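# Structure assessment
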Amino acid sequence: MRRYDLHCHSTRSDGLLAPAEVVARAVSRGVDVLALTDHDEVSGLGEAREAAESAGIGFVPGTELSVSWEDVTVHIVGLGIDPDNPSLGAGLDAIRAGRATRARRMGDALAQAGIPGAYEGALKFVTSERLVSRTHFARYLVEAGYARDVKGVFRRYLVPGKPGHVAQAWATLGQAVEWIHVAGGQAVVAHPGRYKVGAGGMRRLLGEFCDVGGDAIEVLSPAHTPAQYTEFATKCRVFGLSASCGSDYHGPGESWMDLGDLPPLPAGVVPVWKDW
Ligand code: AMP
Ligand code: MN
Ligand code: MN
Ligand code: MN
């Protein structure tokens with residue numbers, strides 16, 4: 001059986017390895033088909049594709065779009081997109097511009113909370129001048145001694161309700177799915193088990209996702225327990241959506257799961273790769 005890993009990050013967003021290094025690691029870990037899905041970014045896909053082709057593994061160009069839905073941030077992975085599609089490109093440009101503004105506001109918010117210089121500090125950890133994320137702030141705050149590790153920084157400073165959190169209006173669910181579709185890709189709700197929306201909220205989210213033409217749910221994710229694998233496999237059947245899987249790998253020492261470490265999809269779901 002082919003081993004699919006359809007969600008991971010490189011230095012073009014908040015990962016620690018360059019696109020070609022991500023591919024090399026996936027190869028060494030037995031991945032047969034890899035999708036690189038940097039946040040709101042496609043600039044690593046050329047390098048990753050080249051590396052995948054010379055190593056002889058399958059490659060799926062992807063991205064992970066930031067979306068605001070009701071009062072939560074939701075991530076929508078696009079798989080099989082054309083990285084050169086102008087509509088998708090314009091959408092991603094707009095989201096990244098919002099990230100730049102948010103980063104300055106995060107710096108101000110943290111300064112107010114008694115942590116000066118966080119914006120400049122985060123920039124030291126940025127690995128692509130095109131994209132700044134909360135992860136870069138977290139790495140700086142670890143270096144500066146505000147928490148032991150990145151997870152600790154998020155818990156104390158960067159999640160809703162904490163001093164460094166700044167609300168952000170990302171793309172809408174409909175826009176994200178539309179951009180992915182015009183670029184020829186499939187839209188996947190990433191790590192649904194992470195969203196604090198309750199049972200009714202999850203039904204509304206998946207219902208709206210279906211209404212705008214979404215394609216799949218990420219059933220297997222390090223954010224999910226085995227019980228949630230089953231729960232989201234059931235959601236796939238109920239909503240008529242396909243199933244995807246991804247390690248959401250960000251790099252050594254910072255990830256919940258390594259590349260390729262996913263179990264097989266639960267029985268009875270349609271894999272998102274059925275027609276590939
Ligand atoms: P952003 O898109 O800039 O808001 O940053 C979101 C990223 O932060 C996610 O993609 C993860 O890589 C990281 N992240 C979010 N929550 C946590 C957490 N609790 N612990 C560690 N990393 C996190
Ligand atoms: Mn990330
Ligand atoms: Mn995500
Ligand atoms: Mn991700």
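Here goes a summary of the coordinates provided. (Residues numbered from 1 in each chain as written. Chains lettered and ligands numbered in written order. Predicted model: local features only at pLDDT ≥ 70, side-chain atom pairs only at ≥ 80, totals over all residues. Heavy atoms only, no water.)

## Let's talk about the coordination of the manganese ion (ligand 2)
Coordination of the manganese ion (ligand 2) by the protein involves Asp14 (OD), His39 (NE2) and His250 (NE2), with metal-donor separations of 2.1 to 2.2 Å. Counting gaps between the donor residues of the manganese ion (ligand 2) yields the pattern D-x24-H-x210-H. Here the manganese ion (ligand 2) and the manganese ion (ligand 3) are spaced 5.7 Å apart. Here the residue His39 occupies a position in the loop between β2 (33-36) and α2 (45-55), and His250 occupies one in the segment after β7 (242-245), the gap between them amounting to 211 residues. Using a relative accessible area of 7% as the deciding quantity, one classes His39 as buried. (Donors = N, O, S within 2.8 Å, 3.2 Å for Na, K, Ca; no water. Helix = DSSP H or I, 4+ residues; strand = E, 2+ residues; numbered from the N terminus. Buried < 20%, exposed > 50% of the residue type's maximum accessible area, 1.4 Å probe, protein only.)

## Looking at the site of ligand 1
Surveying the vicinity of ligand 1 reveals the residues Asp14, His39, Arg99, Arg102, Ser133, Arg134, Thr135, Val150, Lys151, Phe154, His250 and Trp256. At 2.8 Å from an oxygen atom of ligand 1 is found a side-chain nitrogen or oxygen belonging to His39. For ligand 1, an oxygen atom lies 2.9 Å from a polar atom in the side chain of His250. Contact with the protein chains hides 86% of the accessible area of ligand 1, taken as 500 Å² for the molecule alone. (Near = heavy atom within 4 Å. Polar contact = N/O pair within 3.5 Å; in protein donor to acceptor, adjacent residues only side chain to side chain. Areas by Shrake-Rupley, 256 points an atom, 1.4 Å probe, with all protein chains shown as cover.)

## Remarks on the layout of surface pockets
Approximately 1,400 Å³ is the volume found for the largest pocket. Looking at the largest pocket, it is lined by 40 residues, and the ones nearest its centre are His75, Arg134, Phe154, Val159 and Arg194. For the lining of the largest pocket, the secondary structure elements donating two or more residues are β3 (58-69), β4 (72-79), α3 (86-112), α5 (134-143) and α6 (150-158). The dominant element in the lining of the largest pocket, judged by the number of residues it contributes, is α6, at four residues. Of the residues that constitute the lining of the largest pocket, the class distribution is twelve nonpolar, 14 polar and 14 charged. Of the voids in this model, the second largest pocket is the one considered here, and its volume is about 260 Å³. (1 Å grid on protein atoms, 1.4 Å probe; cavity = no way out; pocket = protein on both sides within 12 Å on 5 of 7 lines; lining within 4 Å. Points joined across faces, edges and corners; volume = space filled by probe spheres on them. Nonpolar A, V, L, I, M, F, W, Y, C, P; charged D, E, K, R; others polar.)

## Description of the pattern of salt bridges
Enumeration over the complete set of coordinates arrives at 13 salt bridges. The residue Arg99 makes a salt bridge to Asp40 at a minimum N-O spacing of 2.9 Å. Taken together, the residues span a long stretch of sequence, with Arg99 in helix α3 and Asp40 in the loop between β2 and α2 at a distance of 59 residues. Accessibility classification places Arg99 together with Asp40 in one group, the buried group. Across the pair Lys124 and Glu143 runs a salt bridge, and its minimum N-O distance is 3.2 Å. (Salt bridge = Lys/Arg side-chain N within 4 Å of Asp/Glu carboxyl O.)

## As for the sheet that holds strand β6 (residues 216-220)
Strand order in the open sheet formed by seven strands is β1-β2-β3-β4-β5-β6-β7, with mixed pairing between adjacent strands. Single-partner strands in this sheet number two, and they are β1 (4-5) and β7. Pairing of β6 with β7, which is carried by four bridges, proceeds in the parallel orientation. Note on β7: the bridge partner recorded for Ala216 is Ser242. Sitting on the sheet, α2 is in contact with β2 and β3, with an inclination near 150 degrees to β3. (Pairing = 2+ DSSP bridges. Contact = heavy atoms within 4.5 Å. Axes fitted to C-alpha atoms, helices over the stretch in contact; angles between N-to-C directions.)

## So, the pairing of β7
Because side chains alternate across β7, one face comprises the buried residues Ser242 and Ser244, and the other comprises Ala243 and Cys245, equally buried. Handedness of the β6-helix α9 (residues 226-239)-β7 crossover: right-handed. (Right-handed = clockwise from strand over helix to strand, strands pointing away.)

## Describing the side chain of His136
With respect to the secondary-structure elements, His136 resides in helix α5. His136 gets classed as buried once you look at its relative accessible area, which sits at 0%. The contacts of His136, once residues within four sequence positions are left out, are Ser13, Asp14, Ala122, Phe125, Val126, Thr127 and Leu131.

## Side note on helix α1 (residues 19-28)
Because the α-helix completes a turn every 3.6 residues, residues three or four places apart line up on one side. Buried residues of α1: Pro19, Val22, Val23 and Ala26, and no others. When α1 is viewed along its axis, its buried side chains cluster within an angular range of 100 degrees and face the same direction. The secondary structure elements touched by the buried residues of α1 are β2 and α2. Taken from the residues just after α1, Gly30 is the one with a positive phi, measuring 85 degrees. (Arc of directions from axis to C-beta.)

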